[in-house]
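# Analysis of the macromolecular model
One letter stands for each residue in the lines below.
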Amino acid sequence: MTDSFPQGILGVLVLLHATSCVLFPVATLTSLITLTVFSLWMISGSWHSWNARVLVTVLIVAQGVVSHYITERQLRRTFALGECLVSKRSELLKEEEASKHLLLSLMPPSLVEQLHTITDVVLSASVKKASVLVTDIVGFTALCNVTPPPEIVLLLDRLFSLVDELMYEQARGVLQKLKTLGDCYVAVCFGESTCFSPNCTPTHAWQTVLLGLRLTRGLRTLNLELARAGLPTIKMRVGVHSGPVVVGVMRMRRITYDCWGPTVEIADLLQASGDVGALHISQDTYAELLAHPLAGTEHVHCKPAPDLRVGGHAGDLKTFTVMVSPTKEGGEVPFPCGVK
């Protein structure tokens, strides 16, 4: 009975154990085969052979070790893969948040949400009523010739940060920054709601004019800080014009939110022809101020300024310089904030 056990079964058993070291599913199968053969071997009487006992015992122990090793290795691989996926997802979420934050600094929040569902490359809409503000530094080219580039960048950063802060305080979400072009800053306030101008107000002209007034006042404080820091001071001109614009988004390689049309060009001409440190507005903006009075602006007055010749415009454009009369005590008048 001891020698009647086929020797080929031992070879098959060893082969299956070797295979289980590579293929995890085979380990379980080999365990079942080992136990089955071991049971048959005992029934047949071959178990009385010491060689058979030692071989089967070694195979069973080796099977347990191999199965444990393979299981542990698979679990470690799965855990490492899970950690990698979690890390990648976290990085993607951070990149998505940074991208969304960048878009929010360029356009209204509601438009950012729509960009995920709209597939057109160029998106635009006509807005019949809007007020555009354009600012420009006086003598900026000459200033660049005598000022080191790092100081120029610091100067522009301080100035544009001031405008951003004033715009946020004046009418959060309604006054919209369009762009900075060199030393030029362009902002808009809409008087009509579209998908590209969701935040609007009938006092769009007042909101833009008040921003310009707050900027000219804040510039005096900024110049004191620049002088103390040893940096050159800033002189600015500001122009505001009201009228229809085309607003839209272009997203070829770089997303751009902007306004186009004669209203933007006339606002630029107004700032270029205005007095240094003054707010120069058009007759259209003046008419909007009269049509939609705003509480708290009683000290704001408009003084007639020289007419402006505009190409393509019927006749000369009447313009005004916005003035602010002091209080009875001689102090500065507080400007109203918020949208009404």
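Cut-offs used in this document
Residues numbered from 1 in each chain as written. Predicted model: local features only at pLDDT ≥ 70, side-chain atom pairs only at ≥ 80, totals over all residues. Heavy atoms only, no water. Helix = DSSP H or I, 4+ residues; strand = E, 2+ residues; numbered from the N terminus. Contact = heavy atoms within 4.5 Å. Areas by Shrake-Rupley, 256 points an atom, 1.4 Å probe, with all protein chains shown as cover. Salt bridge = Lys/Arg side-chain N within 4 Å of Asp/Glu carboxyl O. Buried < 20%, exposed > 50% of the residue type's maximum accessible area, 1.4 Å probe, protein only. Arc of directions from axis to C-beta. Axes fitted to C-alpha atoms, helices over the stretch in contact; angles between N-to-C directions. Parallel < 35°, antiparallel > 145°, perpendicular 65-115°, else oblique. Left-handed = near helix turned anticlockwise from the far one by under 90°. Nonpolar A, V, L, I, M, F, W, Y, C, P; charged D, E, K, R; others polar. Core = buried A, V, L, I, M, F, W, Y, C linked by side-chain atoms within 4.5 Å. Polar contact = N/O pair within 3.5 Å; in protein donor to acceptor, adjacent residues only side chain to side chain. Pairing = 2+ DSSP bridges.

## Overview of the overall build of the protein chain
Helix and strand counts for the protein chain come out as nine helices and eight strands. Sequence-distant contacts in the protein chain: of pairs separated by 6 or more residues, those separated by 24 or more amount to 71%. When the accessible surface of the protein chain is summed, it comes to about 19,100 Å², and 62% of that surface belongs to carbon and sulfur atoms.

## Some details on the pattern of salt bridges
When charged atoms on two side chains of opposite charge get close, those side chains can pair. Inspection of every chain in the model, using the stated rule, returns five salt bridges. Close ionic contact of R214 with E169 constitutes a salt bridge, the shortest N to O distance being 2.9 Å. Placement of R214 in helix α7 (residues 204-228) and of E169 in helix α6 (residues 149-170) is noted, with a sequence separation of 45 residues between them. Judged by its relative accessible area of 11%, R214 falls in the buried class. The partner of R309 in a salt bridge is D316, and the shortest N-O contact between them spans 3.5 Å. Judged by its relative accessible area of 66%, R309 falls in the exposed class. Owing to a relative accessible area of 38%, D316 belongs among the partly exposed residues under this scheme.

## Things to note about the environment of A187
Note on placement: A187 falls in strand β3 (residues 184-190). Beyond its immediate stretch of four places on either side in the chain, A187 contacts S131, V132, L133, M167, Q176, K177 and L178.

## Topic: helix α9 (residues 283-291)
Within an α-helix, residues lying three or four positions from one another point in the same direction, as the helix has 3.6 residues per turn. Within the span of α9, buried status applies to T285, E288 and L289. Taken down its axis, α9 places every buried residue within 105° of arc, on the same side. Opposite the buried face of α9, by more than 90 degrees, sit the exposed residues L290 and A291.

## Overview of the packing of α6 against α7
It is at 9 Å that the axes of α6 and α7 come closest, and there the two elements cross at 140°. One element, α6, and the other, α7, form an angle in the oblique class. For the element pair α6 and α7, the recorded crossing hand is right-handed. Judged by residue contacts, L155, R158, L159, L162, V163, L166, M167, E169 and Q170 of α6 engage Q207, L210, L211, R214, L215, G218, L219, L222, E225 and L226 from α7. Split into classes, the residues belonging to the contact of α6 with α7 amount to twelve nonpolar, three polar and four charged.

## Concerning the nonpolar core
Of all hydrophobic cores here, the largest spans 42 residues; its most connected members are L159, L213, I234, L279 and I281. Put simply, the parts of the chain that give this core at least two residues each are β1 (122-137), α5 (140-146), α6, β3, α7, β4 (236-251), β6 (279-282) and β8 (317-324). Residues contacting L279, with those up to four places away along its chain left out, are V209, G212, L213, V238, V240, F320, T321 and V322. If you look at the next biggest cluster of nonpolar residues, it comprises 22 residues, including L111, V112, V188 and A267.

## A word on the packing of α7 against α9
The N-to-C vectors of α7 and α9 enclose an angle of 115°; their axes lie 8 Å apart at closest approach. Here α9 runs roughly perpendicular to α7, going by the angle between their axes. Crossing of α7 against α9: the hand is left-handed. The segment α7 lies against α9, with H204, A205, W206 and V209 engaging T285, E288 and L289. Taken together, the residues of the contact of α7 with α9 sort by class into four nonpolar, two polar and one charged.

## Let's talk about the side chain of H241
Along the chain, H241 turns up in strand β4. A polar contact is formed between the side chain of H241 and the side chain of S282, at a distance of 2.5 Å. The contacts of H241, once residues within four sequence positions are left out, are A130, S131, V132, T263, I266, A267, L270, S282, D284 and T285.

## Observations regarding the side chain of H204
With respect to the element layout, H204 can be found in helix α7. On the basis of relative accessible area, H204 is assigned to the buried category, the value being 1%. Residues in contact with H204, not counting those within four places in the same chain, are K129, A130, S131, C189, F190, G191, S242 and E288.

## Focus: the pairing of β8
Where β6 meets β8, four bridges bridge the pair, whose relative direction is antiparallel. Within β8, the residue paired with I281 across the bridge is F320. Judged from the seven bridges that link them, strand β7 (residues 300-308) and β8 form a sheet pairing that is antiparallel. Bridging from a neighbouring strand, L308 pairs with L317 of β8.

Shape descriptors only; they carry no functional weight alone.
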